[in-house]
Amino acid sequence: MSLSVKDLTYIYEQGTAMSVNALNHISLEIPDGQFIGLVGHTGSGKSTFVQTLNGLLKPTSGKIYWNGQDIHEENYDKKLLRAAVGLVFQYPEHQLFETDVITDVMFGPKNLGLSETECRDRAKEALLSVGLDERCWTKSPFDLSGGQKRRAAIAGVLAMKPEILILDEPTAGLDPKGRDEILNMVRGMKERLKMTIILVSHSMDDVAEYADRIIVMNAGEIMMDGTPAEVFTHSSELEEIGLSAPQMVYILQYLKENGLPVETDRLTVEEACSEILRVCRDAGY
Amino acid sequence: MNLMVKARGLIHDYVSRDEDGNIEGKIRAIDGVDLDIRPGQFIAVLGHNGSGKSTLAKHLNALLNPTEGTVLIDGKDTTDESELWNIRQEAGMIFQNPDNQIIGQIVEEDVGFGPENIGVPTKEIWERVEESLRAVGMYKYRSKSPNRLSGGQKQRVSIAGVIAMHPKCIIMDEPTAMLDPSGRKEVIRAARALNDVEKITIILITHYMEEAIYADRVFVMDHGRIALSGTPREVFSNVEKMQELHLDVPYVTLLAHQLGRSGLKLPEGILNKEELKEALQSAVPSAFIGE
C-alpha cells in the first residue's frame, strides 16, 4: 500500500498576477510503515503538499499514485482514498461540532456509508486508541480539556481506518506534557496499527526523536530527504532556509570546537549524554 | 515608584450557569496568587495547559476582575471602572493567534488604530506608528497588506500596535505558539529589545523553556497557584519538580542534569552551552584536547 508522487507541481491562482508556485516538480516514494517528519519554513509548501496527497487539492501537473492507481483518473473513488489517507489539520479541535464525543467521531465512518453499529464500534476503538475512555464518550466535546479535544479530533480521522495518517502540527499550542502524550500516542498507533505517519512539524527536536525519515521542504521543493542523523548534520544549510537542527547538535558542535572530541550526530538528550560520557570515560574519568 | 503589577490574594472562579441563571458549576482557575512585578522587569510565566496562566494574564489588563483579592496595575485597581481605559493603555496585551489581532488593510493603518481610538492627534499618530514599527523592525513593511506577511511578522505588527499606545507593560500570552522557529526568534528578539531599550515591562507567557532563560524572574503556575518562582537558574535547577509540573527545562539544562546523574560533577541549573563547556572542563579536564 504505497503512495508515489511523480513530478508534482501546484500553482495557486494560475494565470493571474497573484500566481504562486507552491510546489515545484516534487517526486517522492512513501513506502509502508515509515514515520516521516516533514519540515520546512512557513510558506515552504508543506501544507499544500499534504493536501494534494489525499486529493483535496488537484495538482496543476504531475501524478499521485495510491497502490499504483492514479488518484486523478476518471472514475477513481476519492472517498476510499480519503479514508485511506487520513489528514489531521492544524488545530483539529476547531472542527469538533457534534453534541457528544462519540457521535462526533462517528461522523466520518457514517459518511462512508457504514452501518450504525459498525460506525459505533469504529468510534469506540478509535477513542480508546487515542486514550479517551468511556467516561468522555457522552460528554460534549466542548467540555473536554484542550489536549482531550485534540485527541477526540484525531480519533475522528482514525475511525476512518487510514493506512497513512498525516498530522499537520498536531502539538501546536500544547504544553510539553500534552506534546509528549500526542507524539507517544502517534508512535504507539504506528506500531500497533502498522500505519505510515507523516508528521508536519516546526520542532526539529520532536522530529529528531520520533521520525525515521526526514523530508525538508523549501520554496516548494524537496531540499533534503534522509535519516535524522543525515539531515541534521547540515545544520548551516537548515539555518539558511529558516530552520534549525535539534539543540543537541549545536551543543555537541560547540563542545567539539572547544576541544571535547565528541561525535556531533547525536540528536536526543539521551544520545548526547551517552556520547559525552563515552568521551569522558575514554579520557580515563 | 508604584509596582507595575501588585496582586494580593487573587482568586478567580469561572462560574457556569444553566438557562435559568442558576449556578451549575465553579472552576477555580486562580487560587490565591500574590505577585509583585517591578517596572522594567522581564518576567516569564510558565505552566501546563489549564494551570491558570492565561486567566492571570487577563487580570493584568482588566479583561477579568478578581472573584476575591485585588490587582493593582501601576497603582490602579482593576475593579475601578474610571481607571479601566488607563489600565488598558498602560498594560497592552498580545495574544497567541496573529490573525485574530490584525484589522487594518495595511500595516501602518493597523498600528495607528489604537492611538486613533484614544484621540491622539493625527500628526502624533503618524509619529507613533513610525517609531513603533521601527522598534519591532517592521518599518519597511509599513505599506504592505498584513495578510501578505509571515506569522512572525504579523505578530511583530501586533506588538507595534500595542507599543503605539505607549504602554508601560506588555503582556504576551504565548505569542510564539503558532510560529515557526525563525518567527519565534523574531518575536522574542523584539520583546527583549523593547525591554532593554525602551524599559517596557514584559510579561511573557510561554511553553518554550528556551524563551524563559532571558527573564529576570520566572513564575511557574500549577493549579492556579505559583508553584515555583525565582531566577531562571533557580527555577530550572529543579528538573524533577518541573517535570512533575508537566513542564520541561531547557535541553542543555536537562543534558547537564542527566550527565550529573551519571556521575559527572556538574552544577544544577546550567542554562547554555558555554556554561556546560566550562562545567565539563572543570569536572573532566583530561577529556578536552589541549588541556
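Keep in mind that this is a model prediction, so the values were computed, not measured. Starting afresh in each chain, residues are numbered from 1 along the sequence in its written order. Chain letters start at A and ligand numbers start at 1, both assigned in the order the entries are written. Where local features are concerned, this predicted model is filtered to residues with pLDDT of at least 70; where side-chain atom pairs are given and counted, the filter is 80 or more; whole-chain, interface and lining totals use all residues. Excluding hydrogens and water, the side-chain figures rest on all heavy atoms present in the structure.

1. Observations regarding the side chain of Q101 of chain B
For the purposes of this entry, the term helix denotes a DSSP run of H or I that reaches at least four residues, the term strand denotes a run of E that reaches at least two, and both are numbered from the N terminus. If you trace the backbone, Q101 of chain B turns up in the loop between β6 (91–94) and α3 (107–117). Among all residues touching Q101 of chain B, those that are not within four sequence positions of it are M93, I94, F95, Q96, D110, Q155 and S158 of chain B. Here a residue-residue contact requires only that any non-hydrogen atoms of the pair lie within 4.5 Å.

2. Section: the pattern of salt bridges
Here, a salt bridge means any side-chain nitrogen of Lys or Arg that lies within 4 Å of a carboxyl oxygen of Asp or Glu. In the structure shown here, the tally under the stated rule is 32 salt bridges over all chains. Between R179 of chain A and D248 of chain B there is a salt bridge, with its nearest N and O atoms 3.0 Å apart. Of this pair, R179 of chain A sits in helix α7 (residues 176–193) while D248 of chain B sits in the loop between α9 (239–244) and α10 (251–261), each in a different chain. Residue burial is assigned from relative accessible area. The probe radius is 1.4 Å, only protein chains are included, and a residue is buried under 20% of its type maximum, exposed over 50%, and partly exposed in between. A relative accessible area of 16% means that R179 of chain A is categorised as buried. Counted as one network, the salt bridges with shared partners bring together D265, R266, E275, R278 and D282 of chain A.

3. Regarding the environment of E19 of chain B
Residues and elements named next belong to chain B. As for its position among the elements, E19 is in the loop between β1 (5–17) and β2 (23–37). Looking at E19, the relative accessible area reads 84%, which means it is exposed. Sequence-wise, E19 and E109 are 90 residues apart; in three dimensions their C-alpha atoms are separated by 42 Å.

4. Remarks on the pairing of strand β10 (residues 225–230) of chain B
Two elements, strand β9 (residues 217–222) of chain B and β10 of chain B, share five bridges in a ladder whose sense is antiparallel. Directly across from M221 of chain B, in β10 of chain B, lies its bridge partner I226 of chain B. Pairing between strands requires that DSSP locate at least two bridges from one strand to the other.

5. A short note on the sheet that holds β9 of chain B
Residues and elements named next belong to chain B. Read across the sheet, six strands follow the order β6-β7-β8-β3-β9-β10 without closing on themselves; strand pairing throughout is mixed. Each end of this open sheet is capped by a strand with a single partner; those strands are β6 and β10. Between one strand axis and the next, the sheet turns through 20 degrees on average, direction left out of account. In this structure, strand β3 (residues 42–47) lies alongside strand β8 (residues 201–205), joined through four bridges in parallel fashion. Bridge pairing links V45 to I205 in β8. Note on method: axes are straight lines fitted to C-alpha atoms, helices fitted across the in-contact stretch only, with angles between N-to-C directions ranging 0 to 180 degrees. On top of the sheet, helix α5 (residues 151–163) reaches β6 and β7 (169–173); it is set at about 165 degrees to β6, its chief contact.

6. Remarks on the state of the cysteines
When two cysteine sulfur atoms lie within 2.5 Å, the pair is treated as a disulfide. Taken as a whole and judged by the stated rule, the model has zero disulfides over all chains. Free cysteine C280 of chain A: the closest other cysteine sulfur is in C273 of chain A, separated by 9.7 Å.

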